[in-house]
Amino acid sequence: MKMIFKMAWRNIWRNKRRSIITISSIFFAVFFAVFARSFQIGVYNKMIANMVGMYTGYLQIHQNGFWEEQSIDNSFIPDQSVLDLLHDNKDITDFNERLESFALTASDNLTKGAIIMGVNLEKEDGLMDLSPKLISGEFPAHTSSSLLISEGLASYYNMSVGDSLILLGQGYHGASANGIFPVSGILKFPMPNLNDRLVLMPILAAQELYAAPERLTSLVLQIDKPEKLNKLKKYISKKLDLEKYELLDWKGLLPELVQTIQADNAGGVIIIGVLYMIISFGILGTLLMMTAERMREFGILISIGMRKSKLILTLIMESLFMGILASIIGISVVSPVRYYFNRNPIRLEDQAAESIEAFGFEPVIPASLDMDIAMNHAGIVLLIVLICTIYPIVTILRLKPVKAMRT
Amino acid sequence: MEIIKTTHLTKVYSNNGLEVKAVNHIDLSIEEGEFTAIVGPSGSGKTTLLNMIGGLDDSTEGTVKIAGTNINSLSENELIDFRLKNIGFVFQAYNLIPVLTAKENVEFIMLLQGLSEKERKQRSEELLNHVGLTDKLDSRPNQLSGGEQQRVAVARALASKPSFILADEPTANLDSHSTSTLLDMMAEMNEKEKVTFLFSTHDQRVIDKARRVITIEDGKIIKDERR
Ligand SMILES: Nc1ncnc2c1ncn2[C@@H]1O[C@H](COP(=O)(O)OP(=O)(O)OP(=O)(O)O)[C@@H](O)[C@H]1O
Ligand SMILES: [Mg+2]
């Protein structure tokens, strides 16, 4: 094995120039692919973080069936075991109880439909970043029954802090849910669909309004390491009684976002696919030349008693050496670059920046540091190299020593 | 003991409809310890005959028996293993693996046979000493002259302790000095260690060293003399 290793290694350096060109092209492919994907994935992660931080969180627990039919009748009282599970997990920094429903709002002669969210305002401030959005008034105390209304709603009713808003809705199991509530603060959301119709109130008041004491529609989990999301989700769904509860991640909660990302992603994948195609032809060309040059040598090796399978093994090793070498160089060069652009994200300017800032997000593109990106592309490159090696393999399988040695 | 026996060995090539009997019903028997040259004009069928004896080429008709084994009935891998065990090859030129040193080239065949590192090292050094290349152990083939390369090839062929050594025009690319060095060495191995050699040649000086000379023409044996 040592000798075969040695042979494979030396064979790579037999035609130095060709090998260096081949390795450089593979290196470039790995570098470019990982570099480009880091930004693409980085943007997606940023988008996801933005969207998730706006409203939904990364993970939510509901009563089973709630997401299909978002009615207060599908609310639940969480088991202590569920609360313990969330408390005890270190990856969950906090979890927010919410009771969400719809109601008709009214004031004077005007009415408008609204989303009513009964929440723990302190916790929601951590998730939805409410404090900077408060443009007048203040947060109501946990036990009060005052409202925070969105700026769109306030201007619709021409309301200011201290005015009152009527809520008309349906409570738990058909109870009526009507009341008049003072407005203690006004929030300006960058997203129009939230800004036009969101009403926040302390959860206790909401539970009373909807005749649903202690009941929740959702538990929103806060996590600070999104890269651990999948593992966490798997872990929780194993522990959770899935007959009774449903567990949705942001993909389930924000299907439009998933679609947007998928559509955009396809473009990036195609570009990288084309790049890999070009590289494949380069590798194949190298292997074709190498095979042609070494026919006599192959013939002699088989003549003196080397089994074809062994010979094939050396060739596979040669290819893998080149691929691995190029991948290692590629990853080692791209890693500090990624790290730099993660720490110093590219800052968008002008119009692009404005349109992002309009939604209240920072106009930056940080590079993702996800190691999976690098590993995936190293894997793809090795696969391509192996596929190209099929050519010399087939040549050897067909090789007749006498013919090979006549060349 | 009979090491090589061919029976009605025949090879027919068809060149665009035209049949060429490169080897035509050759019955040949080689005994252990022989030092035999196959001679004949260009195109007479020497290479074709040796290739079939070495199991490198199929026969159209007839059989080759090596040390009692009918090699025509072996599968591809069996035949490769058989060659490794029984036949030492020396080709006309460019015999060696270019990326391995002289010593590694000799070791390589023992590696294929599964010998231990210690045995390989010892035997390869011994053999290269024997062919007078003590100071070239770590040279790559491109740092060796044609004659030196052929001597390494002979050392490699011997390394596997084969039943016989098959050499198709081993001196064709060598000058007269290298030719006689190589031949003297082969003859000495034959005499002292009873290594069986079967080789083809054009070269009268090589023919003069042979102890048996088989002349073929148009694929047939026309003369078989022992000296
Ligand atoms: N692959 C082949 N296809 C067709 N004809 C062939 C092939 N190989 C050899 N021949 C023919 O078979 C005959 C014998 O060829 P061979 O190479 O065995 O001769 P040789 O005695 O070794 O000649 P030389 O001394 O030139 O090496 C020649 O007529 C040659 O043209
Ligand atoms: Mg010939």
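Our subject is the structure listed above.
Being a predicted model, the structure only gives us computed values, none of them experimental. (Residues numbered from 1 in each chain as written. Chains lettered and ligands numbered in written order. Predicted model: local features only at pLDDT ≥ 70, side-chain atom pairs only at ≥ 80, totals over all residues. Heavy atoms only, no water.)

J.: Quick one: what's the story with the overall build of chain A, residue by residue and with numbers?
T.: Per the secondary structure count, chain A includes 15 helices and 12 strands. Computed over the C-alpha atoms, the radius of gyration of chain A is 31 Å, more than 25% above the 22 Å expected from 2.2 N^0.38 for a compact globule of 407 residues. Taking the principal axes of its C-alpha atoms as reference, chain A extends roughly 100 × 50 × 30 Å. Out of the 407 residues in chain A, the part that is buried amounts to 49%. Excluding contacts between residues fewer than 6 apart, the proportion of contacts in chain A whose partners are at least 24 apart in sequence is 79%. Total accessible area on chain A is roughly 19,700 Å²; 59% of this is exposed by carbon and sulfur atoms. (Helix = DSSP H or I, 4+ residues; strand = E, 2+ residues; numbered from the N terminus. Rg over C-alpha atoms; globule rule 2.2 N^0.38 Å. Buried < 20%, exposed > 50% of the residue type's maximum accessible area, 1.4 Å probe, protein only. Contact = heavy atoms within 4.5 Å. Areas by Shrake-Rupley, 256 points an atom, 1.4 Å probe, with all protein chains shown as cover.)

J.: Tell me what's going on with the pairing of strand β4 (residues 61–66) of chain B, and back it up with residues and numbers.
T.: All names here are of chain B. Sheet topology places strand β1 (residues 2–15) next to β4; five bridges connect them, and they run antiparallel. When the sheet's bridge partners are listed, T7 is paired in β4 with T63. Relative to strand β5 (residues 69–70), β4 runs antiparallel, the two being bridged by two bridges. From the neighbouring strand, I66 faces β5, where its bridge partner is T69. The antiparallel pairing of β4 with β5 creates a hairpin that spans two residues between the two strands, and A67 there sits at a positive phi of about 45 degrees. (Pairing = 2+ DSSP bridges.)

J.: Give me the sheet that holds β4(B): which residues, what numbers.
T.: Working definition: the strands of a sheet are paired by backbone hydrogen bonds and lie parallel or antiparallel to each other. Residues and elements named next belong to chain B. The four strands are arranged β2-β1-β4-β5 in an open sheet whose pairing can be described as antiparallel. Each end of this open sheet is capped by a strand with a single partner; those strands are β2 (18–31) and β5. Contacting β1, β2 and β4, helix α1 (residues 46–53) runs over the sheet at an angle of about 125 degrees to β1. (Axes fitted to C-alpha atoms, helices over the stretch in contact; angles between N-to-C directions.)

J.: Which residues make up the interface of chain A and chain B, and what values go with them?
T.: Often, the extent of an interface is quoted as the loss of accessible area on bringing the components together. Taken residue by residue, the interface counts 22 residues in chain A and 28 residues in chain B. Both faces combined, the contact of chain A with chain B buries some 2,400 Å², and carbon together with sulfur accounts for 63% of it. Per-residue buried area on chain A facing chain B is highest for A:M3, A:R10 and A:I304; these three make up 28% of the total on that side. Joining chain A to chain B, the criterion identifies four salt bridges. A:K308 is paired through a salt bridge with B:E76; the nearest N and O atoms lie 2.5 Å apart. At the boundary of chain A with chain B, the tally comes to nine residue pairs in polar contact (both at pLDDT 80 or more). Those elements that provide at least two residues to the side of chain A that touches chain B are α1 (2–12), α11 (295–304), α12 (308–343) and α15 (401–406) of chain A. Among the elements that make up the side of chain A that touches chain B, the one with the highest residue count is α11(A) (seven residues). Looking at the side of chain A that touches chain B residue by residue, the classes come out as 10 nonpolar, three polar and nine charged. (Buried area = accessible area lost by both parts, 1.4 Å probe. Salt bridge = Lys/Arg side-chain N within 4 Å of Asp/Glu carboxyl O. Polar contact = N/O pair within 3.5 Å; in protein donor to acceptor, adjacent residues only side chain to side chain. Nonpolar A, V, L, I, M, F, W, Y, C, P; charged D, E, K, R; others polar.)

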